[in-house]
Amino acid sequence: MPLFTALPYLAIGLVLIFLRLARRRKSIRQIPGPPAVSSLLGHEYELNQQDQVGDLELKWLNEYGPTWRIKGAFGTDVLMTADPKALQHIYHKSAYNYVKRRSQNMASYMIMGAGIGYVQGGDHQRHRKIMNPAFSAPQLRSFLPLFQRNVGKLVEKWRVELSSSSDLDVMVNTWISRTTLDIIGEAAFDHNFNAFDDANQSTLSKAYHGLFKDTEYRLPKATTLFRASWDYIPIPILKLFQYIPVQPVARMYNLKTLFTAYGTEILREKGPQVDAEKQAHSKDVMSILIKANSSSDVKTRLNNDEIMAQMSTLTLAGHETTSNTVTFILYELANHPDYQARMREEIRQARAHMKARGDVDFRMEDLDSMTTCLNAIKETLRVHPIATGLHRVAAKDDVLPLAYPITTTTGETITEIPVRKGQVILTSFATYNRLPQVWGEDADVWNPDRFHKLEAGKQTNVGVFANLMTFSAGTRACIGWRFSVIEMQALLAELIEAFQFSLPVGAGGEKPELQRAPSGLAMIPLIRGKEELGPAMPLRVSLAQ
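Our subject in this report is the structure included herewith. Residue numbers restart at each chain and count upward from 1, following the sequence in its written direction. The model is predicted, so local features are restricted to residues of pLDDT at least 70 and side-chain atom pairs to those at 80 or more, both for listing and for counting; the totals for chains, interfaces and linings are taken over all residues. Note that the side-chain values use all heavy atoms of the structure and ignore hydrogens as well as water.

## Considerations on the pairing of strand β10 (residues 514–519)
Convention followed: Each residue's exposure class comes from its accessible area (1.4 Å probe, protein chains only) as a fraction of the maximum for that residue type: buried when under 20%, exposed when over 50%, partly exposed otherwise. By definition, any uninterrupted DSSP run of H or I lasting at least four residues is a helix, any uninterrupted run of E lasting at least two residues is a strand, and each is numbered from the N terminus. Criterion used throughout: strands pair if DSSP finds at least two bridges between them.
Across the six residues of β10, six count as buried, placing the element largely inside the fold. Where β10 meets strand β11 (residues 522–527), six bridges bridge the pair, whose relative direction is antiparallel. Each residue of the ladder has a partner; that of Pro518, found in β11, is Met523. Between β10 and the antiparallel strand that follows it, β11, lie two residues; Gly520 among them carries a positive phi value of about 70 degrees.

## Describing the pairing of strand β4 (residues 168–171)
On β4, burial follows the alternation: Leu168 and Val170 on one face are buried, whereas Asp169 and Met171 on the facing-out side are not. Sheet topology note: the β4/strand β12 (residues 538–543) ladder contains four bridges and is antiparallel. Bridged to Asp169 within β12 is Arg540.

## What to know about the sheet that holds strand β9 (residues 499–502)
Quick reminder of the rule: Angles here are taken between N-to-C directions and fall from 0 to 180 degrees, while the axes themselves are lines fitted to C-alpha atoms, restricted in helices to the stretch in contact. Any two residues having at least one pair of non-hydrogen atoms within 4.5 Å are treated as being in contact.
What the three strands build is an open sheet, ordered β4-β12-β9; its pairing is antiparallel. With partners counted over all chains shown, the strands left at the sheet margins are β4 and β9, one partner each. For this sheet the average axis-to-axis angle between neighbouring strands, irrespective of direction, equals 40 degrees. Strands in contact with helix α9 (residues 172–189) are β4, β9 and β12; relative to β4, the strand with the most contacts, it is inclined by about 60 degrees.

## A few points about the nonpolar core
General note: in soluble globular proteins, nonpolar side chains tend to be found buried as a group. To keep things clear, this is the line we draw: For the purposes of this section, nonpolar cores are sets of buried Ala, Val, Leu, Ile, Met, Phe, Trp, Tyr and Cys residues that join through side-chain atoms within 4.5 Å.
With 154 residues, the main nonpolar core has Trp158, Val172, Ile417, Tyr432, Leu495, Phe499 and Phe501 as its most contacted residues. In contact with Val172, not counting residues within four places along its chain, are Trp158, Thr327, Leu330, Phe501, Met537, Leu539 and Val541.

## Concerning empty space enclosed by the protein
To keep things clear, this is the line we draw: The method works on a 1 Å grid over the protein atoms by themselves. A cavity is a set of points holding a 1.4 Å probe that cannot get out, a pocket is an open set with protein on both sides within 12 Å along at least five of seven lines, and residues with an atom within 4 Å of a point line them. Grid points are joined across faces, edges and corners, and a volume is the space filled by probe spheres set on the points.
Applying the stated criterion to the full structure yields four cavities of 30 Å³ or more. As for the second largest cavity, its lining consists of 17 residues, of which Ser177, His209, Gly210, Glu320 and Pro535 are closest to the centre. Only α9, α10 (203–208), α11 (211–216), α17 (304–335) and β11 provide two or more residues apiece to the lining of the second largest cavity.

## Things to note about the pattern of salt bridges
Heads up, the rule is: We count a salt bridge whenever a side-chain nitrogen from Lys or Arg sits within 4 Å of a carboxyl oxygen from Asp or Glu.
Under the defined criterion, the tally for this structure stands at 28 salt bridges. Arg528 serves as the salt-bridge partner of Asp51, at 2.8 Å between the closest nitrogen and oxygen. A residue pair is termed long-range when its members are at least 10 positions apart, and Asp51 in the loop between α2 (42–49) and α3 (55–64) and Arg528 in the loop between β11 and β12 qualify at 477 residues. For Arg528, a relative accessible area of 29% corresponds to the partly exposed category. Put simply, Lys153 and Asp197 hold a salt bridge, and the shortest N to O gap is 3.1 Å. One end of the pair, Lys153, is in helix α8 (residues 144–162); the other, Asp197, is in the loop between α9 and α10, with 44 residues separating them in the sequence. Exposure remark for Asp197: the relative accessible area of 47% places this residue in the partly exposed category.

Here it is, written out as C-alpha cells:
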C-alpha cells in the first residue's frame with residue numbers, strides 16, 4: 001500500500017495507540033529477548049521479512065529457551081512462546097480467556113467473513129456446536145470413496161501423459177490444489193468447482209492461487225504499520241476498510257466477492273425448493289448444516305451471512321492446508337527416496353490384502369494400518385506447518401505456567417509468568433514443533449521414524465493430532481483436521497503406489513531449491529530465485545517400478 005494512502009488510517013491508529021500505551025502497565029519487561037532493529041516496526045516485521053520460517057525463531061529458541069519477549073509495532077511488548085504448558089493453558093484450560101488479535105482476525109474477516117475462524121466467545125461456541133456433527137469421525141470417513149475418486153483422476157491424467165514419456169516435470173502443488181478444491185466442493189457442498197477438468201483452470205482456482213503470497217508475503221513497512229494499527233481501531237470502522245481499493249486489501253475483497261457469487265449459487269442449489277428426499281440423504285457438510293439450521297431456536301442457527309462465511313472458510317481452509325502439506329510431503333519424499341520406497345512397499349502389501357478379501361478400494365482401516373505413510377504425514381506437518389503460529393490476547397489478568405523455566409533479566413529463575421489484561425502473546429507453532437525437549441535432539445531433521453520412538457505419556461498434551469500444534473489446539477483447533485488427515489492418507493496411497501517422485505534436474509545439473517517462505521503467520525512453498533511464480537513445487541514424476 002502506498003504510504004500516502006495509509007497515512008490517514010495510520011494517524012487514527014497512532015492516536016489510539018498512544019492513548020492506550022500511556023495507560024498500560026508493563027508486566028513482562030523482565031522477560032529476556034532480542035533487541036529490535038526498529039522500535040517502530042519491531043520484530044514482527046523482521047519475522048515476516050526473514051528468508052525462511054524458523055530462521056529467527058530457532059535462533060531465539062537456542063538463546064533464550066522456549067519463551068522470550070519481542071517487540072511488536074509501535075514499541076509494544078509481545079510475549080513469544082513455544083512452551084508446551086503455556087500452549088496448553090492458552091488453548092485448552094483458558095481458551096476463551098485468550099482471544100484472537102484484532103488485526104489478525106480482521107484479515108480473516110476480509111477474506112472469509114464472520115465464519116467459525118473469525119467469531120469469538122459465545123458466537124464461536126454456537127458455530128462450533130452447529131458444525132460439530134458435520135465433522136464427526138464416522139461422517140468424515142464416509143468421504144473416503146470421494147477422495148479416492150478424485151485422486152484417481154489425477155493418477156489417470158499423469159499415467160496417460162507418461163505413456164509417451166519416461167518422466168514428466170510437473171508443478172505438483174498446482175495439480176494437488178486443483179484436486180483438493182474439487183474434493184472440498186463435493187464433500188462440503190455437493191458442488192463441482194470444476195477446478196481439475198477445466199483446461200483453462202477455473203476462475204475460483206485462479207483466485208485462490210497465490211492468495212497468501214499476495215496478501216501477506218513481505219509486506220512493505222507502511223502496510224505493516226497500517227495493519228498493526230487495526231488493533232486499536234473499533235471493529236465497526238475496521239469493517240469498512242475492506243472497501244479500500246488498494247492492495248492487498250483489494251485482493252482480499254475481490255476473492256470474497258467472487259466466492260459470494262459461487263456461494264449464492266450453491267445455496268440456491270441447496271434451497272428449500274430442492275427435492276426434500278434428496279436433501280434428507282445428502283451427506284455433504286452444507287446439507288447437514290442446513291438441516292441443523294432448520295431449528296426453531298434462533299440461538300442454534302446461523303444467519304445467511306454466517307452460512308456464507310462458513311462456506312468460504314471451509315473452501316479455503318479445506319483445500320489449502322491439505323494441498324500444501326501433500327506438496328511438502330512429496331518434496332521430502334523426493335529428497336528421501338529410501339523412505340519413499342518403504343511407503344510404496346507398505347501400500348502394495350496393503351493392496352494385496354485388500355484384493356485378497358475381494359475389495360477394489362482401500363477401507364479406512366487399511367489406510368490407518370499404513371504407519372509408514374501416516375508417520376510421513378505427521379513428520380511433514382511437524383517440520384512444515386502451514387500455520388506457523390497465532391496471536392492471542394489476554395482478556396483478563398492471568399498467570400501463564402511454563403514447562404521449562406526461564407531466567408529473567410534480573411537473574412531470577414521462574415516457572416510462571418504473570419500477564420496483564422491486553423497482553424499480546426505470539427504462540428509459535430513452528431518453534432514448538434521443533435522443540436528438542438519434545439521431539440528429540442534431531443528435531444530439525446525430517447525423520448518420520450521418530451513417531452515409533454516417542455513416548456506420548458511423557459509429553460504435555462497439546463495438539464489434536466500427534467500432539468502437533470499445526471492444527472492448533474483446544475476448543476479453537478481446526479474443526480476439519482480429521483478431514484484433512486484422511487484426505488492426505490487417501491491421496492498419498494494412490495500417488496505413491498503409482499508414481500516415483502524426484503527432484504527435476506536442469507540442463508546445468510541444478511535442482512530447484514525450496515524456500516519455506518513466511519507469509520504472515522502462514523508458510524508457503526516458493527522456489528528460490530523464482531518468487532514471481534508464486535507458490536510452486538516442480539517435481540519429476542515417473543511410473544513407479
